[in-house]
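Here is what each chain is made of, one letter per residue.
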Amino acid sequence: MRSMRLPLAVLLGAALCASSVAAPAPQSSKNLYEWTAVAPIVVVGTFVEQDGRWAVFTLSKTFRGDLAQGDRVWIDLRYANNQRPSEEVALRLQAGNDYVLLIEPTDRRKPDDAERGYDLVRGVEGARALPKEGAPAVVSAIAAFVEIQDLKDFDAMWWRFRDLLDSGNPVVVETILRQHVKFRYGDPELLQRLEPLLDHPSPVIRGLAADVAGIVLGKVGGEDDEIVREVQPLLMAHARRDPSVEVRVSATRAVGAVRGPRTDALLREIADADPDQNVRYEATRLLYEHDGTGAGAPAAPGGGGD
């Protein structure tokens, strides 16, 4: 049974501050676009064996660089592990597994000097295992991202990102949305691409699409703006009824990016009626912001629903 509701002014006021969801959660590692951007050579290789300090791979695909399918490369695994920061885990490879590798040539040579050696760019983080399921989506995403990076044109990058939001590849779409959130980048024309993503089967993509929509709406104007009227009803529907708590938080935050009577009415409804305290907290926080004083703003919730 849910607990009795507190008045709006003190809703969640005694909650702990440790796990606020007022902003998108930071990522624990770089996304594929950021991760691949700095490497002069990006390839997929199958780990064959350990040859002393060297990890031997047979390449199956090259995204960037002049290595070819079938080439064998020797990567100085011992050096990568020895150079890693103490808080990072040593890289351990599984024979027969496929890895995406960020590499560059090194002056260090194999003992017999027969082949050129390579270092992992980003050290122990320069190798990522391809998933057993979904590998084609990852490979396709990296190919698209490397192509964009090699354009070396900031404006062209964002236009290409926009086109790829229509991709059926969820790895591509999620990564591009994260880039928009990170750089708070977007304009009204982007909203048309975001609307279908607000109904995407993945709650991660729905939430990120709502976050990006909120960034755009925060730059537009009032709730009577034509652009706002087109997309806000869909955001309101997800703020009220999306089955994912995280999506409801993001949609509520996106709705609250625009101030006005309709917005505040919905925020009050959510603050009073949503079954999860994280969503209620977000609505309450936005109402305090809209009030213009910031006085008595609620403390962040300490966990999940009631």
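Everything numeric here is computed off the predicted structure, so don't read it as measured data.

The next thing to look at is the overall build of the protein chain. Looking only at helices and strands, the protein chain features 11 helices and six strands. Taken across its 306 residues, the protein chain has 46% of its residues classed as buried. Considering only residue pairs separated by 6 or more positions, the protein chain has 66% of its internal contacts joining residues 24 or more positions apart. Roughly 15200 Å² of accessible area belongs to the protein chain as shown, and the carbon and sulfur atoms make up 52% of that amount.

Here is a general trend for soluble globular proteins: nonpolar side chains tend to be buried in one another's company. Ranked by size, the top nonpolar core spans 60 residues in total, and within it Ile142, Leu165, Leu177, Leu194, Leu197 and Leu235 carry the most contacts. Filtering out sequence-adjacent residues up to four positions away, leucine 177 remains in contact with Leu165, Leu194, Leu197, Ile205, Leu208, Ala209 and Val212. Of all hydrophobic cores here, the second largest spans 20 residues; its members include Ile41, Leu67, Ala80 and Ile103.

One pass over the structure, following the stated rule, counts nine aromatic pairs. Summarising the aromatic geometry, the rings of tyrosine 33 and phenylalanine 145 are spaced 5.6 Å apart at their centres and angled 80° between planes, so their arrangement reads as edge-to-face. Taken as a pair, tyrosine 33 in helix 1 (residues 32-36) and phenylalanine 145 in helix 3 (residues 135-149) lie far apart in primary sequence, 112 residues in all. Assigned by exposure class, tyrosine 33 and phenylalanine 145 land together as buried.

What follows concerns the pattern of salt bridges. Summed over the entire model, instances satisfying the criterion amount to 16 salt bridges. Here aspartate 242 makes a salt bridge to arginine 206, at a shortest N to O gap of 2.9 Å. With aspartate 242 in the loop between helix 8 (226-241) and helix 9 (245-255) and arginine 206 in helix 7 (residues 203-217), this residue pair connects regions lying 36 residues apart in the sequence. One exposure class covers both aspartate 242 and arginine 206, and it is buried. One network of salt bridges, in which partners are shared, links Asp211, Arg253, Glu282, Arg285 and Glu289.

Here the protein chain averages 86 in pLDDT, and 84% of its residues register 70 or above. Between the elements of the protein chain, mean pLDDT differs from a low of 91, seen in strand 5 (residues 116-120), to a high of 98, seen in helix 9.

Moving on, we come to the packing of helix 8 against helix 10 (residues 261-273). Two quantities define a packed helix pair, namely the angle between the helix axes and the distance between the axes. Where helix 8 meets helix 10, the axes come as close as 11 Å, and the angle between the chain directions of the two elements is 10°. Of the possible angle classes, the one that applies to helix 8 and helix 10 is roughly parallel. Contacts from Arg229, Gln232, Met236, Ala239 and Arg240 in helix 8 reach Arg262, Thr263, Leu266, Glu269 and Ile270 in helix 10. Considering only residue class, the contact of helix 8 with helix 10 consists of four nonpolar, two polar and four charged.

Scoring rules and cut-offs
- Residues numbered from 1 in each chain as written.
- Predicted model: local features only at pLDDT ≥ 70, side-chain atom pairs only at ≥ 80, totals over all residues.
- Heavy atoms only, no water.
- Helix = DSSP H or I, 4+ residues; strand = E, 2+ residues; numbered from the N terminus.
- Buried < 20%, exposed > 50% of the residue type's maximum accessible area, 1.4 Å probe, protein only.
- Contact = heavy atoms within 4.5 Å.
- Areas by Shrake-Rupley, 256 points an atom, 1.4 Å probe, with all protein chains shown as cover.
- Core = buried A, V, L, I, M, F, W, Y, C linked by side-chain atoms within 4.5 Å.
- Phe/Tyr/Trp six-rings, centres within 6.5 Å; stacked < 30°, edge-to-face > 60°.
- Salt bridge = Lys/Arg side-chain N within 4 Å of Asp/Glu carboxyl O.
- pLDDT = per-residue confidence, 0-100.
- Axes fitted to C-alpha atoms, helices over the stretch in contact; angles between N-to-C directions.
- Parallel < 35°, antiparallel > 145°, perpendicular 65-115°, else oblique.
- Nonpolar A, V, L, I, M, F, W, Y, C, P; charged D, E, K, R; others polar.

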